[in-house]
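Residue-level listing of the chains:
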Amino acid sequence: MFIVALAYLAFVSLALPPSMLGVVWPSMRLSFGQPLSAAGLVPPVGVVAGLVSTSLAPYIVKRIGVGRLLALGTFLSVASLGVSAMSTTMWQFLGSVVLGGLAAGAVDTTLNVFAARRFGPRRINMMHASYGLGAAVSPLIVTAVIVSGLSWRWSYVIVLALQLVVAVTFSVTWKRWDVPVPERATTSTSTARVWGADSVLGMVMVAVQNGIESAMAIWAFTYLTGLGVSTAVAGGLASGYWLTLVVGRVGFGSLAERIGAWKVMALAVGLLLAAAVLVNVEMPIPAMAAVLLFGVAAAPMYPLLVLTTAERTSPEVADRVIGFQAAASSIGSAITPGLIGLAIGYQLRAFGLSIAALC
């Protein structure tokens, strides 16, 4: 049970650094002498670094074990936050983003592989729900620092201290992560293909799901206000979106324990389609309902796709496929918000508005 709790804590910590950027950037950019638009450079750099480490993580685990990789990954994240706090130029900060991306990709993939082997639907959904908690807490830390009149750098120091606790915990418990796992029933090695149709379909689904999740987090407020929803209500729904992700993962995880992961994923796909219909009605009430429904529907997809990887592919290649799915999730999160932004811009122009006018 201790390892389960630590996995949850690790996912909370994974969400802290990337979720800070939106709130900290207006203050940070002044220190770097950068325009507001320069924030767009940051996510792609982190994504590329994450793609490298997610692809390599399964091979590194075979050499040093799960526990050591988790400890090294979280200490690398601590180093990244330290560089961020001390950065005086944009290039130095982007260097810290590279370190953070490498750390996050390795830890994310390794924990997902570990959870797919050891956790059931409820626990793996709870682990991913923990990410939503971290994503909600991080902006509050930055806001508290800025409101207190302190430098934005202190927000990174605070998150560094939290990450350090996790890193030290991983380093003193690394042996507990490397207990042999009972082998799954295996299929013939002739079917063990990393790039088989089932593997690729799973990667595409993960990319789509995480793309939707990220796009809604970024654009929900802008889209709702563009349809005439008040700032207070739109802001509350944008925040509530993260809550629906957490609640959805907790609720659907328990449901999957009773009726099975595949039935829950089928239900979630149906809800995603319903949300897509509502968001295209282009009226305030359906749009508000769509934001919350997207959160609930997207919630169980990624964790359950991770959990069922061995069923869809084969136990021999499951760990590698999970790594590629993590990479696909980063790609979806990086690309989809831009595509959705173009679609929103087209729709808002139909109302005589523009995204620039709303931001």
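Calculation criteria
- Residues numbered from 1 in each chain as written.
- Predicted model: local features only at pLDDT ≥ 70, side-chain atom pairs only at ≥ 80, totals over all residues.
- Heavy atoms only, no water.
- Salt bridge = Lys/Arg side-chain N within 4 Å of Asp/Glu carboxyl O.
- Helix = DSSP H or I, 4+ residues; strand = E, 2+ residues; numbered from the N terminus.
- Buried < 20%, exposed > 50% of the residue type's maximum accessible area, 1.4 Å probe, protein only.
- Patch = residues over 30% accessible without salt bridge, like charges linked within 9 Å, V, L, I, M, F, W, Y side chains within 5 Å.
- Areas by Shrake-Rupley, 256 points an atom, 1.4 Å probe, with all protein chains shown as cover.
- pLDDT = per-residue confidence, 0-100.
- Contact = heavy atoms within 4.5 Å.
- Phe/Tyr/Trp six-rings, centres within 6.5 Å; stacked < 30°, edge-to-face > 60°.

(A) Looking closely at the pattern of salt bridges. Counted by the stated rule, this structure contains 1 salt bridge. In this structure, Arg 249 and Glu 213 form a salt bridge, with 3.1 Å as the shortest nitrogen-oxygen distance. Residue Arg 249 is located in helix 8 (residues 231-259), and its partner Glu 213 is located in helix 7 (residues 197-226); the two are separated by 36 residues in the primary sequence. One exposure class covers both Arg 249 and Glu 213, and it is buried.

(B) Up close: a nonpolar patch on the surface. Taken together, the side chains of Val 52, Leu 56, Tyr 59 and Ile 60 present a nonpolar region at the surface, about 330 Å² in accessible area. Looking at the secondary structure, you find Ile 60 in helix 2 (residues 42-64). The exposure class of Ile 60 is partly exposed, given its relative accessible area of 35%.

(C) Local environment of the confidence of the model for the chain. Residues of the chain with pLDDT of at least 70 account for 91%, and the chain-wide mean is 83. Put simply, helix 14 (residues 355-358) is where the chain has its lowest mean pLDDT, 48, and helix 3 (residues 66-86) is where it has its highest, 93. In the predicted structure, residues 184-191 sits below a pLDDT of 50 and forms 14 contacts with residues beyond four places in sequence or in another chain. Under a pLDDT of 50 for its full length, residues 354-358 has, in the predicted model, 10 contacts with residues more than four places off or in other chains.

(D) Highlighting the environment of Arg 122. Structurally, Arg 122 is set in helix 5 (residues 121-147). Taking C-alpha positions, Arg 122 is 8.3 Å from Gly 251, a pair spaced 129 residues apart along the chain. Residues within four places of Arg 122 in sequence aside, it is in contact with Gly 253, Ser 254 and Glu 257.

(E) Summary view of the packing of aromatic side chains. Using the criterion set out here, one finds 8 aromatic pairs in the structure. Measuring from centroid to centroid gives 5.9 Å for Phe 32 and Phe 93, while their planes differ by 40°, and the two rings are tilted. On the criterion of sequence distance, the pair formed by Phe 32 in helix 1 (residues 2-32) and Phe 93 in helix 4 (residues 90-118) is long-range, its members being 61 residues apart. In this structure Phe 32 comes out as buried when scored by relative accessible area, which is 9%. The exposure class assigned to Phe 93 is buried, which follows from its relative accessible area of 3%. Aromatic pair Phe 114 and Phe 119: ring centres 6.1 Å apart, planes at 90°, arrangement edge-to-face. Comparing Phe 114 with Phe 119 shows no difference in burial state: the two are buried. Linked through ring pairs, Phe 32, Phe 93, Trp 152 and Tyr 156 together constitute an aromatic cluster.

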